[in-house]
Amino acid sequence: MNVTRTTPPRPLDVAAVFPQLGPLARPAMRLHPRPGSPSPYDSSIGGPLLWPAHQPWLYCDMWHEGPAAPMLPVAQLYARDVPLLRPPGRADLLQVLWCPFEHPPEYKPPTKLFWRTAADVTDVLAAPPEPSGAEYDGYVPEPCVLAPEQITEYPDFLELSRELQQQLSDVSAWRAAGVVVDDSYAIAPQEFYGRELSVAPGWKVGGWPPWGLTDPVARFCVACGAAMSPLLTIPSYEWNDAGKGWVPYEDQARAAPGDDSASNPPGVQVSRGNHLQLYVCPKFPGTGHPHTDLIQ
Ligand SMILES: [Zn+2]
Ligand SMILES: [Zn+2]
């Protein structure tokens, strides 16, 4: 890890104003992918995987125009860099690949997850296949190194109880706590909560998922029925003008109003500007309890 990124503190401790939010706080690790030349021994987005030379590469099993489509590396995360991963058993490495084509019926790139033990991979595949095509360039991630950073998140406004939604929408509740949310922010308090206090934008592990395309939908493990946990959020940018309060200090000089040119080093576009959200079974990740995904 040779890059560092630091999210500015939130403008206020929202759980101090609305104590019912306290138990809903969750850790998340922002990944902050940045241009670089990761090796198979680094955590990366779009970088080379620590893939055993004797294990056949994965190809998509659906027909696409042209030669068979190799699955592409999306993320490689070592638990030493991203402790929130909580890998199963001895595993200490997560690899995420996708087919760079949108598959029906939901028109999203299908993903494969591998949990590995890095020490077991002594002979690394030297030349994985090059992409043979893609739905569009945004499905071929540019190699990036990571600067993982742990933060605290609260649920998307849409995921809160009606009671909490009402409290957060009430300007007088904020005023009573001494928080000015009318003049300085010029937006409704629930919007302020959504932009600045709840869910961080960008690539992240854990935390709370972003919602907006649809109302929140709980995901349940098909093998055991457990409520699934957000594993990885794959976004289409790390900031835009609405979310600049989350821009790390180190990037602020390149994130002036109207300048989003540095906001997406991996160049990933999911379903034209949305997120791909991966979920795993909290009880048995990687052991026959399949992950699931969702476009938001
Ligand atoms: Zn495919
Ligand atoms: Zn399960």
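Right above here is the structure, for reference.
Predicted model, so just to flag it, every value in this text is computed and none were measured.

**Here's the deal with the coordination of the zinc ion (ligand 1)**
Bound to the zinc ion (ligand 1) on the protein side are Cys60 (SG), His64 (NE2), Cys99 (SG) and His103 (NE2), at distances that span 2.0 to 2.2 Å. Taken together, the four donor atoms surrounding the zinc ion (ligand 1) define angles of 103 to 115° at the centre, an arrangement classified as tetrahedral. The sequence motif formed by the donor residues of the zinc ion (ligand 1) is C-x3-H-x34-C-x3-H. Taken as a pair, His64 in the loop between β3 (44-45) and β4 (72-78) and Cys99 in the loop between β5 (93-98) and β6 (111-116) lie far apart in primary sequence, 35 residues in all.

**Brief notes about the coordination of the zinc ion (ligand 2)**
A metal bound by six donors in octahedral fashion has ideal angles of 90 or 180 degrees, whereas one bound by four tetrahedral donors has an ideal angle of 109.5 degrees. For the zinc ion (ligand 2), the protein coordination sphere consists of Cys221 (SG), Cys224 (SG), Cys281 (SG) and His289 (ND1), at 2.0 to 2.4 Å. Geometry at the zinc ion (ligand 2) is tetrahedral, judged from its four donor atoms and the angles of 101 to 115° they form at the metal. Within one chain, the residues donating to the zinc ion (ligand 2) are spaced in sequence as C-x2-C-x56-C-x7-H. Pair noted here: Cys221 is in the loop between β9 (204-206) and β10 (229-234) and His289 is in the loop between β11 (276-280) and β12 (292-295), with a separation of 68 residues, a long-range link. With relative accessibility at 4%, the residue Cys221 sits in the buried group. With a relative accessible area of 16%, His289 lands in the buried category.

**Here we look at the layout of surface pockets**
Roughly 530 Å³ of volume is contained in the largest pocket. Around the largest pocket, the lining comprises 28 residues; the ones closest to its centre are Gly194, Val199, Pro210, Trp211 and His275. Among the elements that line the lining of the largest pocket, the one with the most residues is helix α4 (residues 189-198), at four residues. Considered class by class, the residues forming the lining of the largest pocket number 13 nonpolar, 11 polar and four charged.

**Points about the packing of aromatic side chains**
In this structure the tally under the stated criterion is six aromatic pairs. For the ring pair Phe18 and Trp174, a centre distance of 5.0 Å and an interplane angle of 70° mean the geometry is edge-to-face. With Phe18 in the loop between α1 (14-17) and β1 (26-30) and Trp174 in helix α3 (residues 171-176), the pair connects residues that are 156 residues apart, well separated along the chain. Of the two residues examined, Phe18 and Trp174, each falls in the buried class. The rings of Phe18, Trp174 and Phe192 are connected pair by pair, giving a single aromatic cluster. Taking the ring centre of Trp246 as reference, the NZ or CZ of Arg10 above it sits at 3.7 Å. Over the ring of Trp51 we find Arg116; its NZ or CZ atom is 4.6 Å from the centre of that ring.

Thresholds, definitions, all that
- Residues numbered from 1 in each chain as written.
- Chains lettered and ligands numbered in written order.
- Predicted model: local features only at pLDDT ≥ 70, side-chain atom pairs only at ≥ 80, totals over all residues.
- Heavy atoms only, no water.
- Donors = N, O, S within 2.8 Å, 3.2 Å for Na, K, Ca; no water.
- Tetrahedral: all angles 85-135°; square planar, octahedral: opposite > 155°, others 65-115°.
- Helix = DSSP H or I, 4+ residues; strand = E, 2+ residues; numbered from the N terminus.
- Buried < 20%, exposed > 50% of the residue type's maximum accessible area, 1.4 Å probe, protein only.
- 1 Å grid on protein atoms, 1.4 Å probe; cavity = no way out; pocket = protein on both sides within 12 Å on 5 of 7 lines; lining within 4 Å.
- Points joined across faces, edges and corners; volume = space filled by probe spheres on them.
- Nonpolar A, V, L, I, M, F, W, Y, C, P; charged D, E, K, R; others polar.
- Phe/Tyr/Trp six-rings, centres within 6.5 Å; stacked < 30°, edge-to-face > 60°.
- Lys NZ or Arg CZ within 6 Å of the ring centre and 35° of its normal.

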